[in-house]
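If you want the building blocks of each chain, they are given just below.
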Amino acid sequence: MKNEFMIYKLSETVKSTCKIESELFEKFNVKRGLRNADHTGVLVGLTTVGDVLGYERLEDGSLQAIPGKLLYRGIDIDDLVHSIQHEKRTGFEEVIFLLLSGYLPDKDELKQFSRLLNESMALEKQTKMSIIQLEGQNIMNILARTVLEMYTYDEAPDDTTRENLMRQSIDLVAKFPAIIAYAYNILRHSAKGQSLHIRHPNENFSIAENFLYMMKGSNGYTNLDVRVLDLAMIIHAEHGGGNNSTFTVRVTSSTGTDTYSSIAAGIGSLKGPLHGGANLQVCSMFEHLKEAINDWTDVKELDTYLAKMLNREAYNKAGLIYGIGHAVYTISDPRASLLKEMARDLAEEKGRQKEFEFLQLIEERAINAVMSRKGSKAKKQVCANVDLYSGFVYEMIGLPKEVYTALFAMSRIVGWCAHRIEELNFDDRRIIRPAYKNIGDFVEFVSLKDR
Ligand SMILES: CC(=O)SCCNC(=O)CCNC(=O)[C@H](O)C(C)(C)COP(=O)(O)OP(=O)(O)OC[C@H]1O[C@@H](n2cnc3c(N)ncnc32)[C@H](O)[C@@H]1OP(=O)(O)O
Ligand SMILES: O=C([O-])CC(=O)C(=O)O
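Residues numbered from 1 in each chain as written. Chains lettered and ligands numbered in written order. Predicted model: local features only at pLDDT ≥ 70, side-chain atom pairs only at ≥ 80, totals over all residues. Heavy atoms only, no water.

**Notes on the packing of helix α13 (residues 278–292) against helix α17 (residues 387–396)**
Heads up, the condition is: Inter-axis angles, ranging from 0 to 180 degrees, are taken between N-to-C directions of lines fitted to C-alpha atoms, where helices are fitted over the stretch in contact. Per the convention used, a helix needs a DSSP run of H or I reaching at least four residues, while a strand needs a run of E reaching at least two, with both numbered from the N terminus. Under this scheme an angle from 65 to 115 degrees is roughly perpendicular, one under 35 degrees roughly parallel, and one over 145 degrees roughly antiparallel; angles in between are oblique. In what follows, residue pairs with any heavy atoms lying within 4.5 Å of each other are defined as contacts. All residues other than Ala, Val, Leu, Ile, Met, Phe, Trp, Tyr, Cys, Pro, Asp, Glu, Lys and Arg, Gly among them, are scored as polar; the first ten of these are nonpolar and the last four charged.
Across the interface, α13 lies against α17 with an axial gap of 8 Å and an inter-helix angle of 75 degrees. In terms of axis orientation, α13 runs roughly perpendicular to α17. Residues A278, N279, V282, C283 and F286 of α13 pack against D387, L388, S390, G391, F392 and Y394 of α17. Of the residues in the contact of α13 with α17, the class split is seven nonpolar, three polar and one charged.

**A few points about the nonpolar core**
Put simply, the rule is: Within this scheme, the nonpolar core is defined by two criteria: the residues are buried Ala, Val, Leu, Ile, Met, Phe, Trp, Tyr or Cys, and they are joined through side-chain atoms within 4.5 Å. Burial classes: relative accessible area under 20% of the type maximum marks a residue as buried, over 50% as exposed, and values in between as partly exposed (1.4 Å probe, protein chains only). Domain limits in this description derive from either an automatic procedure or a database domain assignment.
The biggest cluster of nonpolar side chains holds 124 residues, and the ones touching the most others in it are Y72, F176, F211, L229, I263, L399 and V403. Of all the elements, helix α8 (residues 162–192) adds the most residues to this core, at 15 residues. Of the residues that make up this core, three or more belong to each of domain 1 (81–272 + 405–423) and domain 2 (278–395). In this structure L399 touches F211, L212, M215, K216, L229, Y394, Y404 and L407, once residues within four positions along its chain are discounted.

**Some points on the site of ligand 2**
Test applied: A molecule or strand has a residue near it when one of that residue's heavy atoms lies within 4 Å. Whenever a nitrogen or oxygen atom comes within 3.5 Å of another N or O atom, the pair is scored as a polar contact, on the condition that within protein one atom can donate a hydrogen and the other can accept it, and that pairs from neighbouring residues in sequence are kept only if both atoms are in side chains. The Shrake-Rupley method, run with a 1.4 Å probe sphere, supplies the accessible areas, and residue values consider only the shown protein chains as cover.
Taken together, H239, N243, H275, H326, R335, F408 and R412 make up the full set of residues adjacent to ligand 2. One nitrogen or oxygen atom from the side chain of R335 is found 2.6 Å from an oxygen atom belonging to ligand 2. Side-chain polar atom of R412 to an oxygen atom of ligand 2: 2.7 Å apart, as the coordinates give it. Here ligand 2 loses 85% of its free accessible area of 260 Å² to cover by the protein chains.

**Description of the sheet that holds strand β3 (residues 75–76)**
What counts here: Only strands that DSSP links by at least two bridges are regarded as paired with each other.
If you walk across this open sheet you meet the three strands as β1-β2-β3, and the pairing is antiparallel. A strand with exactly one partner marks an edge of an open sheet, and here the two such strands are β1 (50–57) and β3.

**So, the site of ligand 1**
Neighbouring residues of ligand 1: 22 residues in total, closest R35, H39, H275, I321 and I324. The contact in question runs from an oxygen atom of ligand 1 to an N or O atom on the side chain of R35, over 2.5 Å. In the complex, 76% of the free accessible area of ligand 1, which totals 920 Å², lies under the protein chains. Broken down by class, the residue content of the shell around ligand 1 amounts to 11 nonpolar, seven polar and four charged.

**Quick word on the pattern of salt bridges**
The condition that has to hold: Should a side-chain nitrogen of Lys or Arg be within 4 Å of a carboxyl oxygen of Asp or Glu, the pair is scored as a salt bridge.
Considering all chains together, one arrives at 20 salt bridges under this definition. With its nearest N and O atoms 2.7 Å apart, the salt bridge here joins D76 to K69. D76 sits in the buried class, given a relative accessible area of 13%. The exposure class assigned to K69 is partly exposed, which follows from its relative accessible area of 37%. Residue E87 is joined to R89 by a salt bridge in which the shortest nitrogen-to-oxygen separation is 2.6 Å. Connected through shared salt-bridge partners, E287, K290, R352, E355 and E395 make up one network.

**So, unusual backbone geometry**
For H39, which is not a glycine, the phi torsion comes out positive at approximately 75 degrees. Notably, R312 is not glycine yet its phi reads approximately 65 degrees, a positive angle. Examined against the element boundaries, R312 turns out to sit in the loop between α14 (299–310) and α15 (334–350). Among the residues examined, R312 registers a relative accessible area of 53% and is labelled exposed.

Rendered as structure tokens:
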């Protein structure tokens, strides 16, 4: 038997071994996707890091949809972003401080903390060499592998004391930009034959500026690009304990494993097209719709096409419209609204209003398409999520699509670390270990000679 046939034969068995009747989930009261019947999440933990609000529970137990709110250590991100924007400065460093420590730094603390971050940004020679050797296509996989390798260069990799966790967290947050920028430059060099630049991070730059500098060199970006990237990073930094990647970090942390193993698992989760990888999916979908729709203002033409997409007849036949829908948010995702504001302003500046307006129309008609498809059975309102406008914003500041999901990781590493520290430091903590009911039959063992 050829190896291919053996693989085919084994994979055919999956048809029956993975078949689980839908009714059984209800019969055994299984919360599919850890979700209650009304689509709200099953409560599995308590946190003080972030809060994600999309609905209110009324006294009679029913749900009331509300405009989305996101709090970082109790502070509304709308307020954080708007005040930093108003002051025309960068603020990611103070958000890192806030999320890791629980309070906003004063001027001296921020200065010292920023210096500590800057001093930790450069990569070890060995790490640089192994990124060069990897030269892979997917930067998320290179990031995960590099993080796992950082274990080797850490003198106390398995130490889970508070101080060591904080040191490792700061180190990871500081090093992600260089890992991602180097991985991209090596990819560009090997895949597109362009000159290879490995720029040393500048100790006087913010994280956002350092990333742009390491990606593109000092003449490759403007002050506005730095501020836009900084705000986008603030917006993506944290999203409660229940989002798939943070929960993955909390689940793995609950075993007491090392920081690098746990963060690499979070990166793997974030890469998925239903989670952080959706920002890349939105870009491909937007490119596709720009081609497929003749008149970008024709609502009927777009509606017909979106209905085909939901019917699995068009685009990638997944039946999804990327950048739409959220497990918690109903009326709006506050981050999508902030990114949309940024996209509108940038589009005006860069003369790309037509594309912005088309994306905005896609948002409106896609929400309508998903809701109409559900009709009276719709349990929940859908809205645009954080991934709908982020890629368009990144593209307008000249960043290549290969780094979009990695940029999400470059921000969310902060939330992951804050949650890991919490998971390992509250009293009465316990390994996370839910249950799966086995619905298979009991089978008698048959010895090899009798099979
Ligand atoms: C950073 C982030 O992770 S943000 C999310 C990024 N992901 C995407 O943009 C991918 C597209 N969106 C989706 O797949 C989903 O909306 C998710 C995965 C984000 C959330 O999924 P869920 O929590 O299961 O959504 P929710 O419970 O609100 O589902 C409501 C219904 O609308 C449907 N729906 C929700 N979003 C979409 C969508 N974008 N396209 C088609 N149908 C959708 C769901 O299939 C569900 O149908 P069902 O009741 O028959 O199961
Ligand atoms: O909360 C979620 O399920 C996904 C999300 O938006 C995020 O992690 O930013």
